[in-house]
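These are the residues of each chain, in order.
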Amino acid sequence: MRQRTSISYDSGHIWPPPPTNQEETETQRTERLEQEREAKRVSDEIDKAIEQHRQEMKSRRPQMKILLLGQAESGKSTMLKNFQLSFTPKAFKAESGAWRAVIHLNLVRSVNFILDLLSANPQFAISSSPASVIVTGFDVLGISQSPDSQPGTLTGPIIEPTDELRRLKMRLSPLKRVEEMLSKRISADDPHVSRKGLNSASEVSVRSGSGWKALARLSHRTRPQSPDELEDAGRVIEACRDDITELWADPVVQKGLSSNDIALQEQSGFFLNEVSRIASKDYVPTPEDILKARLQTMGVEEHRLIMETGQFTTESGREWVIYDVGGSRGQRPAWAPFFDDVNAIIFLVPISAFNQTLSEDRSVNRLWDSFYLWQSICTNRILANVTIILLLNKVDALEAKLNSGISFSKYVTSYKDSPNNVEAVSKYLKAKFSAIHRQHSNRTRKLHIHLTTATASACSPPLHSDTLNTLFSPSQDHQATSIILVRIRELILTNNLIDSDFV
């Protein structure tokens, strides 16, 4: 209880001290006591509200703010979906209907990508093969153009389409209109929507805050007398199902793509191997489908996750805010305003992109760009005390490339004659990123590294010391990724409690 004085407060008025007993009448005394009781009641209510607020603040953990950083197509959005699937499964399931339109769009764009390459003169006229840009150093990472491959040129022979392929192209031509309609519906006539060309078969971009999920969910209302245009699109896709399967299985198509180093199956948003299921009338996206679906958001997307699961019951209901920021060069200046008051940064590096270049600058190797970005984050003084988690992502794609005979040392010359396998390459990259962190970061900050495969849910335990832990098989289910995410969540919570002096 606060110390009471002879001055009472009521509605902003200061009441004078009571007169002496000789001067105060009975009426005045009654009025004074009533005013003091009212002032005490108001004061007690204020004390009670302050104490209640204090107790609420004491029991409530600070709101978690997480930044997902990395270059474009590093897997940030997919990792966010993994977070949602692991910790907000009910909300994740509620949005599954919206992803149906995106998955159909990814499938249709892959088909139209192939159809665009099937032309009598010239045949397979455009190659999406990455330029062979060699990473020759580490500190500066100088780059040079390989003489055997240039952007936009054919790397394999021109293939003559067969009569059957021409007939398939004719029968699948309605999918052009389907793609236009799906893109329009998802983007809601957004003037900032981007429909990328042949370098990315499944790529469609929408502006942040466009509300595309709400627009897509409208397509699943039952309106038998007024069929929805997206339902019409689904029927067209279903009618083309067998032709799509035949197109993808055609040996001429496969040879043409392979000889020109076009690997559609390595892209997120690839569903051509699952046409019979995806194109069915009653198709409902699975969690794995949603993880694979590709829809790039331009700008900064704020995602508020209300935790549904946790190690302790008190974690449920807590709000985490995750910012998914665009990773292309033009969007990186937007990162800085989000550095203040952030609890952790999850930085993703697509380690399978060692032989690829940036779509916005074909002279820049993607691995070099990741090194450069990582150094800039480690150097930033605002982030000196922020927890940083490094995810060396797309391990399955790296393994596939190395097993196919692509030489890592051809593109990263400092690797020299070390083994061309996923374990050795991963260990090398882990050491390089760790070295940058030691050289440019706060000496007291620990670095936490994981090897991950966001779309296939294959990942490794965290890498402690210099010994590379055994990789999980790419065939593992989502629980492998969940283990990593739980560890990341516990790390962020623990560090935040320490910073807040709660432990």
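Residues numbered from 1 in each chain as written. Predicted model: local features only at pLDDT ≥ 70, side-chain atom pairs only at ≥ 80, totals over all residues. Heavy atoms only, no water.

Taking an unreviewed UniProt entry as the reference, the protein is identified by name as G-alpha-domain-containing protein belonging to Heliocybe sulcata.

K.L.:
Got a minute to help me understand the environment of Phe 83 in this structure?
P.N.:
One can find Phe 83 in helix H2 (residues 76-87). The exposure class assigned to Phe 83 is buried, which follows from its relative accessible area of 1%. Residues Phe 83 and Val 486, spaced 403 residues apart in sequence, show a C-alpha to C-alpha distance of 9.2 Å. Not counting residues up to four positions away in its chain, the partners in contact with Phe 83 are Thr 88, Leu 305, Ile 322, Ile 346, Leu 485 and Ile 488. (Helix = DSSP H or I, 4+ residues; strand = E, 2+ residues; numbered from the N terminus. Buried < 20%, exposed > 50% of the residue type's maximum accessible area, 1.4 Å probe, protein only. Contact = heavy atoms within 4.5 Å.)

K.L.:
Can you walk me through the pairing of strand E9 (residues 319-325) in this structure?
P.N.:
Note on strand geometry: in a regular strand, side chains alternate between the two faces of the sheet. Judged by how many residues are buried, E9 sits mostly within the fold: six of seven residues are covered. Sheet analysis places strand E3 (residues 64-69) next to E9, joined by five bridges and oriented parallel. Looking at the pairing, Ile 66 lines up with Ile 322 of E9. (Pairing = 2+ DSSP bridges.)

K.L.:
Honestly, the packing of aromatic side chains in this entry has me stumped. Any pointers?
P.N.:
On inspection of all chains with the given rule, the structure shows 12 aromatic pairs. When the ring of Tyr 415 is compared with that of Tyr 428, the centres are 5.0 Å apart and the planes differ by 80°; the resulting orientation is edge-to-face. With Tyr 415 in the loop between helix H15 (408-411) and helix H16 (422-440) and Tyr 428 in helix H16, the pair connects residues that are 13 residues apart, well separated along the chain. For Tyr 428, a relative accessible area of 16% puts it in the buried group. Sitting over the face of the ring of Phe 354, Lys 401 holds its NZ or CZ atom 5.6 Å from the ring centroid. Here Arg 489 stacks its cationic end above the ring of Trp 320, 5.8 Å away from the centre of that ring. (Phe/Tyr/Trp six-rings, centres within 6.5 Å; stacked < 30°, edge-to-face > 60°. Lys NZ or Arg CZ within 6 Å of the ring centre and 35° of its normal.)

K.L.:
Explain the pattern of salt bridges to me, please; I cannot follow it from the model alone.
P.N.:
Note on pairing: side chains with opposite charge can pair once their charged atoms come close. This model, assessed by the stated rule, comprises 20 salt bridges. Residues Glu 36 and Arg 32 are paired through a salt bridge, measuring 3.5 Å at the closest nitrogen-oxygen approach. Placement of both Glu 36 and Arg 32 in helix H1 (residues 26-59) is noted, with a separation of four residues, approximately one turn of the helix. Using a relative accessible area of 18% as the deciding quantity, one classes Arg 32 as buried. Here Glu 319 makes a salt bridge to Arg 304, at a shortest N to O gap of 3.1 Å. Linking Glu 319 in strand E9 with Arg 304 in strand E8 (residues 300-306), this pair joins segments that are 15 residues apart in sequence. Here Glu 319 falls in the partly exposed class, since its relative accessible area comes to 25%. (Salt bridge = Lys/Arg side-chain N within 4 Å of Asp/Glu carboxyl O.)

K.L.:
Sorry, what's going on with helix H4 (residues 96-117) here?
P.N.:
Helical periodicity: at 3.6 residues per turn, an α-helix aligns residues three or four positions apart in one direction. End to end, H4 covers 32 Å across 22 residues, agreeing with the expected 32 Å (1.5 Å per residue, within 8%). By the criterion of burial, H4 is predominantly enclosed, with 20 of the 22 residues buried. (Expected span 1.5 Å × (residues − 1).)

K.L.:
Whenever I open this one, the packing of helix H13 (residues 366-379) against H16 confuses me. Can you help?
P.N.:
Each pair of packed helices gets described by two things: the angle between the helix axes and the distance between those axes. Interhelical geometry of H13 versus H16 gives an angle of 30° and a closest axis separation of 8 Å. In terms of axis orientation, H13 runs roughly parallel to H16. Classified by chirality, the crossing of H16 by H13 is right-handed. Facing Leu 367, Ser 370, Phe 371, Trp 374, Gln 375, Cys 378 and Thr 379 of H13, the residues of H16 in contact are Leu 429, Lys 432, Phe 433, Ile 436, His 437 and His 440. Within the contact of H13 with H16, the residues separate by chemical class into seven nonpolar, five polar and one charged. (Axes fitted to C-alpha atoms, helices over the stretch in contact; angles between N-to-C directions. Parallel < 35°, antiparallel > 145°, perpendicular 65-115°, else oblique. Left-handed = near helix turned anticlockwise from the far one by under 90°. Nonpolar A, V, L, I, M, F, W, Y, C, P; charged D, E, K, R; others polar.)

K.L.:
Could you clarify how one ought to interpret the UniProt feature "binding site: GTP" (unreviewed entry) in the protein in this entry?
P.N.:
UniProt marks Leu 291, Lys 292, Ala 293, Arg 294, Leu 295, Gln 296, Thr 297, Asn 393, Lys 394, Val 395, Asp 396 and Ala 454 with the feature "binding site: GTP" (unreviewed entry), using the numbering shown here. The exposure class of Leu 291 is buried, given its relative accessible area of 0%. Take Arg 294: it is sitting in the loop between helix H12 (287-292) and strand E7 (296-298). Exposure remark for Arg 294: the relative accessible area of 12% places this residue in the buried category. (UniProt positions renumbered as here; feature names shortened; annotations may be inferred.)

K.L.:
Explain the nonpolar core here, please?
P.N.:
One broad rule of soluble globular proteins: the nonpolar side chains tend to lie buried together. Residues Ile 114, Leu 175, Leu 247, Leu 257, Leu 264 and Leu 272 are the most contacted members of the largest nonpolar core, which totals 46 residues. Secondary structure elements with two or more residues in this core: H4, helix H5 (163-171), helix H6 (174-187), helix H8 (229-239), helix H9 (241-249), helix H10 (251-259), helix H11 (275-278) and H12. Residue contacts for Ile 114: discarding those within four places in its chain leaves Leu 247, Trp 248, Val 253, Leu 257, Leu 264 and Leu 272. Among the nonpolar cores identified, the runner-up in size contains 40 residues, and Trp 335, Leu 367, Leu 383 and Tyr 428 belong to it. (Core = buried A, V, L, I, M, F, W, Y, C linked by side-chain atoms within 4.5 Å.)

K.L.:
In this structure, what is going on with the confidence of the model for the protein? I would like to understand it.
P.N.:
Reading predicted coordinates in detail is not appropriate for stretches of low pLDDT. Of the residues in the protein, 68% reach a pLDDT of 70 or more, and the chain-wide mean stands at 75. Here strand E5 (residues 143-145) is the element of the protein with the lowest mean pLDDT, 35, and H9 is the one with the highest, 95. pLDDT under 50 marks residues 1-12. Its contacts with residues more than four places away, or in other chains, come to 20 contacts. (pLDDT = per-residue confidence, 0-100.)

K.L.:
Would you mind going over the environment of Ile 351 with me for this structure?
P.N.:
For Ile 351, the location among the structural elements is in the loop between strand E10 (344-350) and strand E11 (357-358). Along the backbone, Ile 351 and Leu 392 are 41 residues apart, and their C-alpha atoms lie at a distance of 6.0 Å. Ignoring anything within four residues of it in the chain, the contact list for Ile 351 reads Leu 392, Asn 393, Lys 394, Val 395, Leu 398, Ser 426 and Leu 429.

K.L.:
Explain the packing of H6 against H8 here, please?
P.N.:
The interhelical angle for the contact between H6 and H8, taken along N-to-C directions, is 150°, at an axis separation of 10 Å. Classed by the angle they form, the pair H6 and H8 counts as roughly antiparallel. At the point where H6 passes H8, the crossing takes the left-handed sense. When H6 is examined against H8, the residues Pro 174, Leu 175, Val 178, Met 181, Leu 182 and Arg 185 are found in contact with a partner set consisting of Glu 229, Leu 230, Ala 233, Val 236 and Ile 237. Here the residues of the contact of H6 with H8 are counted per class, giving nine nonpolar, no polar and two charged.

K.L.:
Explain unusual backbone geometry here, please?
P.N.:
Note: most residues except glycine have negative phi, and most peptide bonds are trans. In this structure, Asp 341 is a non-glycine residue whose phi angle is positive, near 60°. Structurally, Asp 341 is set in the loop between E9 and E10. Unlike most non-glycine residues, Lys 394 shows phi in positive territory, near 65°. Mapped onto the secondary structure, Lys 394 falls in the loop between strand E13 (387-393) and helix H14 (395-403). Assessed through its relative accessible area of 26%, Lys 394 is described here as partly exposed.

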